[in-house]
Amino acid sequence: MAIGMLTLAVASAAGEADLVARDETDGRIMLREWSTSDGGAVRLGESVGQAEFPLRTQVEIPPSLRVNDLLLYVELQGKTSVFVDGVETRPGRGDLIVCPIDAEKPASIRVHEPYSEGRGMTPPRFRQAEIRAYLHGTGRVISMIEMSRGPLGLDGKEIDSWDAESLQQWSGEIEIPIAIQGLQLRGEKLLLKVRAYPEGEVLIGGAAAGRIRGKGTVVLCEQAQPGRKVPFKITLRGRKEEWLTARARILPQAFVDAEKRKIAFDAAWMRWRRLFAQHPEADRWAKQAMASPLALAGVKDYPECREGLARAERALEEFESLLRREGENFFIVRPYLQDIRPDSVKVLWESMFPYEGLLECGSASHRTPMGTLHEATISGLEPGRTYTYRVRCGRLWSRTGTFRTPDPSSKRARFAVWGDNRTDPLMHERVVIEMATAKPDIAVNVGDVVTTGENLPEWVDEYLEPLRFLGRDVATYIAIGNHEYGGFELGPVPPFEARVAHPTTSPGSTEYCYSFDHGPCHFIVLDPNQAKGLKGLRIPPGSAQYKWLLEDLDRSKGARWRFAFFHQPPYSECWSGGYYDGEVHLREEIVPILEQARIDIVFSGHTHDYERGLPHPPYDPATGNGNFVTYIITGGGGSPLDDHKYRDWPQIDIPDHGADPKSDDPDGGMYYQYHFCLIEIDGDRLRFTAHRVDPGGGPGGILDSFELSK
Ligand SMILES: [Fe+2]
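On a predicted model such as this, the values are computed, not experimentally measured, just so you know.

1. Concerning the coordination of the iron ion
Phase 1 of the analysis: Looking at the metal site, the iron ion is ligated by Asp448 (OD), Asn482 (OD1), His567 (NE2) and His606 (ND1), spaced 2.1 to 2.2 Å from it.
Phase 2 of the analysis: The site at the iron ion holds 4 donor atoms, and with the angles between them running 85 to 165 degrees, its shape is irregular.
Phase 3 of the analysis: Counting the intervening residues between successive donors of the iron ion yields the motif D-x33-N-x84-H-x38-H. With Asp448 in the loop between β30 (442–445) and α6 (457–464) and His606 in the loop between β38 (601–604) and β39 (610–613), this residue pair connects regions lying 158 residues apart in the sequence.
Phase 4 of the analysis: A relative accessible area of 1% means that Asp448 is categorised as buried.

2. Some remarks on the sheet that holds strand β22 (residues 345–355)
Sheet strands associate in pairs through backbone hydrogen bonding, adopting either a parallel or an antiparallel arrangement.
Phase 1 of the analysis: As summarised here, the arrangement of the 3 strands in space is β21-β22-β25, forming an open sheet in which the pairing is antiparallel. The open sheet has two edge strands, β21 (331–338) and β25 (371–378), and neither has a second partner. Adjacent strand axes in the sheet meet at a mean angle of 15 degrees when their direction is disregarded.
Phase 2 of the analysis: One ladder, built from 5 bridges, connects β21 with β22; its direction is antiparallel. The residue of β22 that forms the bridge with Gln338 is Lys346.

3. What about the packing of helix α9 (residues 544–555) against helix α10 (residues 584–596)?
Phase 1 of the analysis: The N-to-C vectors of α9 and α10 enclose an angle of 10 degrees; their axes lie 11 Å apart at closest approach. Classed by the angle they form, the pair α9 and α10 counts as roughly parallel. Crossing hand, α9 versus α10: right-handed. Here α9 contributes Tyr546, Leu549, Leu550 and Leu553 to the contact with α10, which in turn contributes Glu589, Ile590 and Ile593.
Phase 2 of the analysis: Residue composition of the contact of α9 with α10, by class: 6 nonpolar, no polar and 1 charged.

4. What about the pattern of salt bridges?
Phase 1 of the analysis: Using the criterion set out here, one finds 35 salt bridges in the structure.
Phase 2 of the analysis: Linking Arg499 and Glu350 is a salt bridge whose minimum nitrogen-to-oxygen distance equals 3.9 Å. Of this pair, Arg499 sits in helix α8 (residues 494–499) while Glu350 sits in strand β22, and the two are 149 residues apart along the sequence. The burial state of Arg499 is the same as that of Glu350; both residues are buried.
Phase 3 of the analysis: Asp554 is paired through a salt bridge with Lys557; the nearest N and O atoms lie 2.8 Å apart.
Phase 4 of the analysis: Taking the relative accessible area as the measure of exposure, Lys557 reaches 60% and is therefore exposed.
Phase 5 of the analysis: Here the residues in one salt-bridge network are Glu199, Glu201, Arg211, Arg213 and Arg237, joined through shared partners.

5. With respect to the nonpolar core
Phase 1 of the analysis: With 100 residues, the main nonpolar core has Leu192, Leu220, Trp272 and Trp418 as its most contacted residues.
Phase 2 of the analysis: With 9 residues, the single largest contributor to this core is helix α2 (residues 253–278).
Phase 3 of the analysis: Ignoring anything within four residues of it in the chain, the contact list for Trp272 reads Leu316, Phe319, Glu320, Leu323, Phe330, Met352 and Phe353.
Phase 4 of the analysis: In terms of nonpolar packing, the next biggest core, distinct from the first, is built from 49 residues, Leu381, Tyr389, Tyr477 and Leu686 among them.

6. As for the confidence of the model for the chain
Predicted coordinates in regions of low pLDDT should not be interpreted in detail.
Phase 1 of the analysis: A residue-level look at the chain finds 85% of positions with pLDDT of 70 or above and a mean pLDDT of 85.
Phase 2 of the analysis: Long-range and interchain partners of residues 47–51, a stretch whose pLDDT sits below 50, account for 17 contacts in this model, where long-range means more than four residues apart.
Phase 3 of the analysis: Overall, residues 150–154 carries pLDDT values under 50, and its contacts beyond four positions in sequence, including any with other chains, amount to 16 contacts.

7. Here's the deal with the sheet that holds strand β32 (residues 514–518)
Phase 1 of the analysis: Taken in spatial order, the 6 strands line up as β32-β33-β36-β38-β42-β39 in an open sheet, and their pairing is mixed. Every other strand in the sheet has two partners, leaving β32 and β39 as the edge strands with one partner each. Taking the axes of each pair of neighbouring strands and ignoring which way they run, one obtains an average angle of 15 degrees across the sheet.
Phase 2 of the analysis: The sheet contact formed by β38 and strand β42 (residues 630–634) spans 4 bridges and is parallel. From the neighbouring strand, Ile601 faces β42, where its bridge partner is Thr630.
Phase 3 of the analysis: α9 rests against β32, β33 (521–525) and β36 (561–565) of the sheet, and its axis sits at about 175 degrees to β33.

8. Considering the side chain of His522
Phase 1 of the analysis: With respect to the helices, strands and loops of the structure, His522 is situated in strand β33.
Phase 2 of the analysis: Of the residues examined, His522 reaches a relative accessible area of 5% and is grouped as buried.
Phase 3 of the analysis: A distance of 2.6 Å separates polar atoms of two side chains, one belonging to His522 and the other to Asp517.

9. Details of α10
Phase 1 of the analysis: For α10, with 13 residues, the first-to-last C-alpha span of 18 Å sits near the 18 Å given by 1.5 Å per residue.
Phase 2 of the analysis: Roughly 45 degrees is the biggest bend found in α10, and it falls at Ile590, with proline Pro592 one to four residues downstream.
Phase 3 of the analysis: Taken as a whole, α10 has its buried residues at His585, Leu586, Arg587, Glu589, Ile590, Val591, Ile593, Leu594 and Glu595.
Phase 4 of the analysis: Looking one or two residues past α10, Arg598 carries a phi angle of roughly 55 degrees, positive in sign.

10. Overview of helix α4 (residues 302–325)
Phase 1 of the analysis: Taking 1.5 Å per residue as the helical rise, α4 with its 24 residues ought to reach 34 Å, and the 35 Å between its terminal C-alpha atoms agrees with that figure.
Phase 2 of the analysis: All of the buried residues in α4 are Tyr302, Cys305, Gly308, Leu309, Ala310, Ala312, Ala315, Leu316, Phe319, Leu322 and Leu323.
Phase 3 of the analysis: Remark: Gly327 follows α4 within two positions and exhibits a positive phi of approximately 70 degrees.

11. Some words on unusual backbone geometry
Phase 1 of the analysis: Backbone torsion omega between Tyr197 and Pro198 reads -10 degrees, so that peptide bond is classified as cis.
Phase 2 of the analysis: Mapping Pro198 onto the fold places it in strand β17 (residues 190–204).

12. Brief notes about the pairing of strand β26 (residues 386–393)
Phase 1 of the analysis: One ladder, built from 4 bridges, connects strand β23 (residues 358–361) with β26; its direction is antiparallel. Within the sheet, the bridge partner assigned to Glu360 lies in β26 and is Arg390.
Phase 2 of the analysis: With 4 bridges connecting them, β26 and strand β28 (residues 401–404) associate as antiparallel partners. Paired with Tyr387 across the strands is Phe403, a residue of β28.
Phase 3 of the analysis: Sheet topology note: the β26/strand β27 (residues 396–397) ladder contains 2 bridges and is antiparallel. Pairing of Cys393 across the sheet is with Leu396, part of β27.

13. Quick look at the packing of aromatic side chains
Phase 1 of the analysis: Scanning all chains against the criterion turns up 23 aromatic pairs.
Phase 2 of the analysis: Where Trp575 meets Tyr580, the ring centres are 4.6 Å apart and the plane angle is 40 degrees; that geometry is what we call tilted.
Phase 3 of the analysis: Plain terms: the ring middles of Tyr579 and Tyr646 are 5.9 Å apart, the flat faces sit at 75 degrees to each other, and that makes the pair edge-to-face. Of this pair, Tyr579 sits in the loop between β37 (574–575) and α10 while Tyr646 sits in the loop between β43 (644–645) and β44 (675–682), and the two are 67 residues apart along the sequence.
Phase 4 of the analysis: Residue class for Tyr646 comes out buried when judged on its relative accessible area of 1%.
Phase 5 of the analysis: Counting every residue linked through ring pairs, the aromatic cluster contains Phe415, Tyr477, Tyr514, Phe516, Phe523, Phe563, Phe565, Phe603, Phe688 and Phe706.
Phase 6 of the analysis: Arg390 extends its terminal NZ or CZ atom over the ring of Trp397, reaching a point 3.7 Å from the ring centre.
Phase 7 of the analysis: The ring of Phe628 has Arg598 lying over it, and the distance from NZ or CZ to the ring centre is 3.5 Å.

Scoring rules and cut-offs
- Note on numbering: residues in each chain are counted from 1, in written sequence order.
- Where local features are concerned, this predicted model is filtered to residues with pLDDT of at least 70; where side-chain atom pairs are given and counted, the filter is 80 or more; whole-chain, interface and lining totals use all residues.
- As a convention, hydrogens and water are excluded, and side-chain values are obtained from all of the structure's heavy atoms.
- A donor here means an N, O or S atom no more than 2.8 Å from the metal, or no more than 3.2 Å when the metal is Na, K or Ca. Since water is not included, a site may seem to lack partners.
- Only two sets of limits are used to name each site, 85 to 135 degrees for every angle of a tetrahedral four-donor site, and over 155 degrees for opposite donors with all other angles from 65 to 115 for a square planar four-donor or octahedral six-donor site, with any other site named irregular.
- The secondary structure listing takes helices from DSSP runs of H or I that are at least 4 residues long and strands from runs of E that are at least 2 residues long, numbered from the N terminus.
- Any residue under 20% of the maximum accessible area for its type is buried, any over 50% is exposed, and the rest in between are partly exposed; the area is computed with a 1.4 Å probe on protein chains only.
- A pair of strands counts as paired when DSSP detects no fewer than two bridges linking them.
- Axis definition: a line fitted to C-alpha atoms, over the contacting stretch in the case of helices. Angles run 0 to 180 degrees between N-to-C directions.
- For this classification, under 35 degrees means roughly parallel, over 145 means roughly antiparallel, 65 to 115 means roughly perpendicular, and everything else is oblique.
- Each crossing is labelled by how the near helix is turned from the far one, with a counterclockwise turn of less than a right angle marking it left-handed and a clockwise turn marking it right-handed.
- Contact between two residues is taken to exist if any of their heavy atoms lie within 4.5 Å; hydrogens are not considered.
- The classification used treats Ala, Val, Leu, Ile, Met, Phe, Trp, Tyr, Cys and Pro as nonpolar, Asp, Glu, Lys and Arg as charged, and all other residues, Gly among them, as polar.
- Here, a salt bridge means any Lys or Arg side-chain nitrogen found within 4 Å of an Asp or Glu carboxyl oxygen.
- For the purposes of this section, nonpolar cores are sets of buried Ala, Val, Leu, Ile, Met, Phe, Trp, Tyr and Cys residues that join through side-chain atoms within 4.5 Å.
- For every residue, the predictor assigns a confidence score, pLDDT, that lies between 0 and 100.
- Under the rule applied, a polar contact is a pair of N or O atoms within 3.5 Å (in protein, one hydrogen donor and one hydrogen acceptor; residues adjacent in sequence only if both atoms are side-chain atoms).
- To estimate how far a helix should extend, the number of its residues minus one is multiplied by 1.5 Å.
- Note on bend: the value at a residue is the angle between axes fitted to the seven residues ending there and to the seven starting there.
- The rule is short: rings of Phe, Tyr and Trp, with Trp giving its six-membered ring, pair when the centres are within 6.5 Å, and they are stacked under 30 degrees, edge-to-face over 60, tilted in between.
- In our convention, an over-ring charge means Lys NZ or Arg CZ found within 6 Å of a ring centre and within 35 degrees of that ring's normal.

Given below as structure tokens:
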């Protein structure tokens, strides 16, 4: 969508002052250093292994932040306790503590983690802690809502005491509990949520209760009577090779009813949280928003939980109407750059309420049509020049963004590559912050940016919101991953198309497979998720994408450096919990043409580690031996890391420890790390550096580096 150049005078409504959106990073204190009970210092991110492990830290709040409401965020795992100034603080959700800190005195924080287990190099998660400053008056609301989300994240009680009569049959007695996840059962209907692959027959109390295909629920009892014992049996059916260990959980019916409301409530809350984080006058609405957490406070059982959610939903609706009446608006996604060229760049953003967007760049203004998803093209730019821009939303102006247009005659380039950031937005944010510090010209993500593509809030929460530290000033690109296709298998992915603006100038390219030039480099981005063959995903010879690739390789012959990006790797050595060694079809059908074209580096993700193979020429297309191409896997953008090496490929040099295809146990390899790659090109020389990111935030040293030359 191209927006023409036009100049407008920006007028504010009478009596309204322009406001600049606050940046959540203004007041964040990352807690990185802790001392142990025996006096030794521990840096966040170090692995502590199995230990009873009390840690302490004392935080002096800087005077500039004392006017704010300060909240302590501590991420936890299972059995962690947190004490603030000697008082134990309980988790609200299963994995998060959010509690107010007194700004006037130094806070003393103690974390006690009795059952921490080091898993490979992945450190225990409790040590992700920080203090965030919010506008005065909003902290109480935010902490209450964060904590009141607690009872809603339930997934029932797992049945763990049962006997396997054979690989096919599982049986036992379920004793109806008094409470599930702290909420008392008061005679409500209970369900049994069963996993049975490929199919399973379930008997409850000797009677047939239902047949499950994969996952499903059956009725366990109409009225919960705590202490009563109910016999059950699950018998797997279908092909024996597909049988998986059956699993079951008890789930109150009221929870199932509440779950739908919970999803709506959580999504609404994530939007309001952005208002409180960015609007300089957010305290005006804090009182109204209070109604929501109060509706949820103190629920004791499942029906109350369900009713509390309904009240919270109504309160949020009223709050929303109030904001609309007052003509307020704010950014759901702050402005981010796409498709930067020597003479143009695109800016995208999303607003809470529909409005006609306004972007200013120098003396020019650009309008976007009424809506919530906005895209403006700034054109008429000159190569190699620095520009600034800002976007208006309601009474708010975004922070000013700065970008530099590429210069086609330049012999230099500097770009970052990262991938597989899904599922852990906080860790993704830490990787993005380090990447922004490296100041790349552009950055390419090799995919799996969200957990499930059809779950729309994830595009903001998992990808675009953490990206705000980089995306305002640096254009980013995505090589789409299998998780983006979640719910849209093999078909178009509308939320992806709506949130990227990839260059499609090359004839036959799409936003899924495209190419572009940047200085002396040519970038080719492919998508193997659109077709499946007998041996997995593929880009079939003869398909439109395959033909486009051949043409693009031909057209770009003159480029000094050429790079290809696609999510699934042709060669991979590491994975977690089951054998995987890369994609057969890509090795057989795509590698030969990339090798023949002498592409310099192929970047992939999909496996959550760092892997690298320098050239081992010559390449023999008949046997697939050898390689002219450098193969990189950069899947350490935030997703839970892999932990086992299954295969040794001659094309991959790192990780260099031994492979064990028969075991799924963690092997502690040093390349299962959060990281990003930085590529610096100067004429005929290329310097590559993989930067490790500390799991607690901050730089983690150099993971790998090498140079290539022409
Ligand atoms: Fe993947």
